[in-house]
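Here are the chains, one letter per residue:
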Amino acid sequence: MREDSEKTAPGLLLAALGVVYGDIGTSPLYAFKESVGAHGAAVAPGAVIGLLSMIFWTITLIVSLKYVLLVMRADNHGEGGILALLALVLRQMPVAGRWRGAAIAVGLLGAAMFYGDSVITPAISVLSAVEGLQVVAPQLAPLVVPLTVTILIALFAVQRRGTERIGRVFGPVMLAWFAVLGALGAVRIAEHPSVLAALDPLYAIDFAWHAPGKTLAVMAAVFLAVTGSEALYADMGHFGARPIRVAWFWLVMPCLVLNYFGQGSLVLGDPQAAANPFFLLAPAWLQLPLVVLATAATVIASQAVISGAYSITSQAIKLGLLPRTTIEYTSKQEFGQIYVPLANWLLLAAVVALVLAFGSSSNLAAAYGIAVVLTMVVTTLGVAAVAHRRWDWSPARLAAVFVPLAALEAAFVAANGMKIAHGGWFPLALAAVLFVIFDTWTRGRELLDREREHSGLAPAQFLRSLAADPPPRIEGTAVFLSADSQVVPHALLHNLKHNRVLHERVILLSAVSEREPYVAPALAARVTDLGHGCHQVVVRRGFQDSYDIADIARLLREHHGFELDVERTSFFLSRETVLVGRAGGMAPWRKRLFAWLQRNAQPASDFFRIPPGRVIEIGAQVIL
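Residues numbered from 1 in each chain as written. Predicted model: local features only at pLDDT ≥ 70, side-chain atom pairs only at ≥ 80, totals over all residues. Heavy atoms only, no water.

(A) The arrangement of the overall build of the chain in detail. A tally of helices and strands in the chain yields 27 helices and eight strands. Here the C-alpha coordinates of the chain stretch approximately 95 × 50 × 50 Å along the principal axes. Within the chain, buried positions represent 54% of all 624 residues. If you take every contact in the chain between residues at least 6 apart in sequence, the share linking residues at least 24 apart comes to 82%. As displayed, the chain has an accessible area near 25800 Å², and 62% of this comes from carbon and sulfur atoms. When the 47 basic and 42 acidic side-chain charges of the chain are each reduced to a single mean position, those positions are 5 Å apart. (Helix = DSSP H or I, 4+ residues; strand = E, 2+ residues; numbered from the N terminus. Buried < 20%, exposed > 50% of the residue type's maximum accessible area, 1.4 Å probe, protein only. Contact = heavy atoms within 4.5 Å. Areas by Shrake-Rupley, 256 points an atom, 1.4 Å probe, with all protein chains shown as cover. Lys, Arg positive; Asp, Glu negative; His and termini not counted. Charge placed at Lys NZ, Arg CZ, Asp CG, Glu CD.)

(B) Seen up close, the packing of helix α7 (residues 98-130) against helix α20 (residues 370-389). Between α7 and α20, the least distance of the axes is 8 Å, while the angle of their chain directions is 150°. Comparing the axis directions of α7 and α20 gives the class roughly antiparallel. Both α7 and α20 take part in a crossing whose hand is left-handed. Contacts between α7 and α20 involve Val106, Gly107, Gly110, Met113, Phe114, Gly116 and Asp117 from the former and Ala371, Val372, Leu374, Thr375, Val378 and Leu381 from the latter. A class-by-class count of the residues in the contact of α7 with α20 yields eight nonpolar, four polar and one charged. (Axes fitted to C-alpha atoms, helices over the stretch in contact; angles between N-to-C directions. Parallel < 35°, antiparallel > 145°, perpendicular 65-115°, else oblique. Left-handed = near helix turned anticlockwise from the far one by under 90°. Nonpolar A, V, L, I, M, F, W, Y, C, P; charged D, E, K, R; others polar.)

(C) A look at the nonpolar core. Counting 177 residues, the largest nonpolar core has Tyr21, Trp177, Phe178, Trp248, Tyr260 and Phe438 as its most contacted members. Here this core gets 15 residues from one element, more than from any other, and that element is α7. (Core = buried A, V, L, I, M, F, W, Y, C linked by side-chain atoms within 4.5 Å.)

(D) Geometry of the confidence of the model for the chain. A residue-level look at the chain finds 94% of positions with pLDDT of 70 or above and a mean pLDDT of 86. Note on residues 1-7: pLDDT is under 50 here. Beyond four places in sequence and across chains, it has 16 contacts. (pLDDT = per-residue confidence, 0-100.)

(E) Inspection of the environment of alanine 204 at higher detail. Relative to the helices and strands, alanine 204 resides in helix α11 (residues 201-210). Those residues within four positions of alanine 204 in sequence are excluded, and the remaining contacts are Gly50, Ser53 and Met54.

(F) Looking closely at helix α5 (residues 45-70). The terminal C-alpha atoms of α5 lie 35 Å apart, and with 26 residues this matches the ideal 38 Å at 1.5 Å per residue to within 8%. If you look at α5, its biggest bend is around 30°, right at serine 64. Most of α5 is tucked away, with 20 of its 26 residues classed as buried. (Expected span 1.5 Å × (residues − 1). Bend = angle between axes of the 7 residues up to and from the residue.)

(G) Structural view of the pattern of salt bridges. Applying the stated criterion across every chain, the model contains nine salt bridges. Arginine 590 serves as the salt-bridge partner of aspartate 439, at 2.7 Å between the closest nitrogen and oxygen. Within this pair, whereas aspartate 439 is found in helix α22 (residues 425-455), its partner arginine 590 is found in helix α26 (residues 588-600), the two being separated by 151 residues in sequence. For aspartate 439, a relative accessible area of 29% puts it in the partly exposed group. On the accessibility criterion, arginine 590 (17% relative accessible area) is buried. Between glutamate 446 and arginine 443 there is a salt bridge, with the nearest N and O atoms lying 3.1 Å from each other. Within this pair, glutamate 446 and its partner arginine 443 are both found in helix α22, separated by three residues, close to a single helical turn. The class for glutamate 446 is partly exposed, based on a relative accessible area of 41%. (Salt bridge = Lys/Arg side-chain N within 4 Å of Asp/Glu carboxyl O.)

(H) Structural detail: the sheet that holds strand β3 (residues 473-481). Taken in spatial order, the six strands make up an open sheet running β5-β6-β4-β3-β7-β8, and their pairing is mixed. This sheet does not close on itself; its edge strands, each paired only once, are β5 (525-531) and β8 (615-623). Averaged over all pairs of adjacent strands, the angle between strand axes in this sheet comes to 25°, irrespective of strand direction. Relative to strand β6 (residues 534-541), β5 runs antiparallel, the two sharing six bridges. The residue bridging arginine 526 from the neighbouring strand is valine 538, located in β6. Against the sheet, helix α23 (residues 459-468) engages β3, β4 (502-513), β5 and β6, with an angle of about 160° to β6. (Pairing = 2+ DSSP bridges.)

(I) Structural detail: a nonpolar patch on the surface. On the surface, Leu61, Leu65, Leu69, Phe249 and Trp250 cluster together to form a nonpolar patch covering roughly 530 Å² of accessible area. Those elements that place two or more of their residues in the nonpolar patch are α5 and α15 (241-269). A total of three residues in the nonpolar patch trace back to one element, the largest contributor, which is α5. When you line up the elements, leucine 65 lands in helix α5. The exposure class of leucine 65 is partly exposed, given its relative accessible area of 43%. (Patch = residues over 30% accessible without salt bridge, like charges linked within 9 Å, V, L, I, M, F, W, Y side chains within 5 Å.)

In C-alpha cells:
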C-alpha cells in the first residue's frame, strides 16, 4: 500500500476516476429517466422534487455514509471486495462452528451476485449511451442494438491485450465526463433553482407518503443511481481509500448531483423531455458529441466491471472456491492486470444475449438492481461482523449504525424484488447457478481432502519405510506437488511403485492459500529437512500473490536460503480422476458435477506455470 502522501497525488486521483467511478458515473444516463417513468402519470413539480430528493439521499446514505466512510474501513490488508471481506470475516471466527459455515454461504452468495452485476452493467450502460442516437436522429433507432452489440464484441475482443495502454486515457476521459455532467446540470439548475429544495429529505418522505402505491416501483428505479457503489470498495486495493474518498466528495458526487438536479429542472420546464432527459440537457449542436463521450464513458464503466470479474475469479480460484482456469498476466509491471479467457467469453455471450433479448435500456432496467442490492446486503452483514469482532463496537453502537442501513437496504430489496418477473430473474438465475458451482466445488474439495487423508500415507510413515528398504537413487532433483502437506503425494508413491527409483533430492511441495491478499516473504514458506535427501516445503500464498513456480523458487532462494533450479528439476504431478461411488457426503448429481469440474480444471502445471518440458503427470483415481 502507498503512503497517504502518495495517495493524494493527482495522477492517482485521475487513475481512480477512470477505474472506480465508471459504473456509478454513467448512472445519470438512465436512473432519473427510469425514476420518472416508474412514477407513471405526468410528473407534477412536487413529484419531480420528491424524486430528486430520493435520489440525493440515496446517494448520500448508501455511497457517502455506508461505502465511503464506513465500508472502506473494513480493508483486508488494504484490499477490498466481497471475497476479501469474506476472508477477513473468516479470520475473526473460530475454525469450526455453525456461524462459520453460514458466513461462507453468505459470502459465496454475494460473490455469485457480483457476476450478475458484471453481466448487466456493460449491457445497460453501452445500450443507454448508444440510444442517444435516437435523440440526435430518430431515423437511426434501428441501428441502436446492432451498434451496441458491435461495440461490446470489440470491447471483449481486445481484453487479451490488457488494459495497461488504454487505461492511461481512462482518467482524462472520465474527468471530461464528470465536468460535462456538472456543467450541463448547473446550466439547467440556473433556469429552475427551485429544484435545490430537493436537498431537504422531507420532500422524499412526503413523496413516499402521498404516493404509497408507487413508492416501491420508484425506489427500484432510484436505486439505479447507486449501482456501482461496490466498485469503490472492490478497487480500494489498487488506489487506497484516500484517493477514492477525495475524488468522491470533491468531484464525483457534486457533478452527479448537479446533473440529476439539472435533469429535474429540465423536466419541470418541459415534461416531454422526460423521454430522455440526459441527452436533452444538451443543446442540439452538442448532442452528437455527447453521445460519443457517453459511449466512451460506458465502455470505461464496462471495462471496470469486466476487470472486476477477472479479479474476483482469480481470487475465488486461489481461495479454493472455483476450479483452476487459465489466467493470463497482461502486464509485466502490474501483477493485478490479468485476463481470464473463460470468464471473458462467457461474459460476452451473456451480455450480448441480454442486449438482443431486452432491446432497450428501459427494458434492461427491469432486470438491473436485484443482484446489486443483494450484494450490498452481504457487504453490510460482513462489515457488521468486522465491526463486532475486530473493531469491538458495543451492541448499542452496532444497532445505531447497522439497523438503519439494514432497514434501508431491506426496502430496496423489496422494491427490486418487484422486478423479478420482468427480467430480474436473470441475474438471480445466473447467481444461483454460480452459487451451486461455488458450493459444490468447495464441498467436493473437502471430501477429496478427507479421502486423501483416509487412504494416504503420512510423511513419517513413508520415511520409515524408506529407511528400512531404501530404493536406488538417481541424480537430480524431483519436486512432488501435493495439495495436502500431511499426506505423501500419490505421484511419489506411484513413481516408486512402478519405476523403483528415487531422485537423490526429493522435495514435497505444497501451496497453502491464506485468507489474506499478500503473505510477507519472510513468512511465506516453511522448509523442513526430513532426512534421507527429502525436504518438505510448504508455501503460503495470499489471494493476490503469484503462484508462478519461478516466483516461488525466487522466494525460497532469497528469503529462506533454499535452492530450487526450475530448469533443472523434474516436477511430478498427480492427475486425479474423481469417480462417483459410495453414498454420503454430497448428493450424487453434485458429485458428478464436481467430477466434471475437476476433469476440466486447468492442469496444475499450467496454474503454477511450470515449464512444459519439466513436467511428469501420473494419473490416480479417487472414489467419492
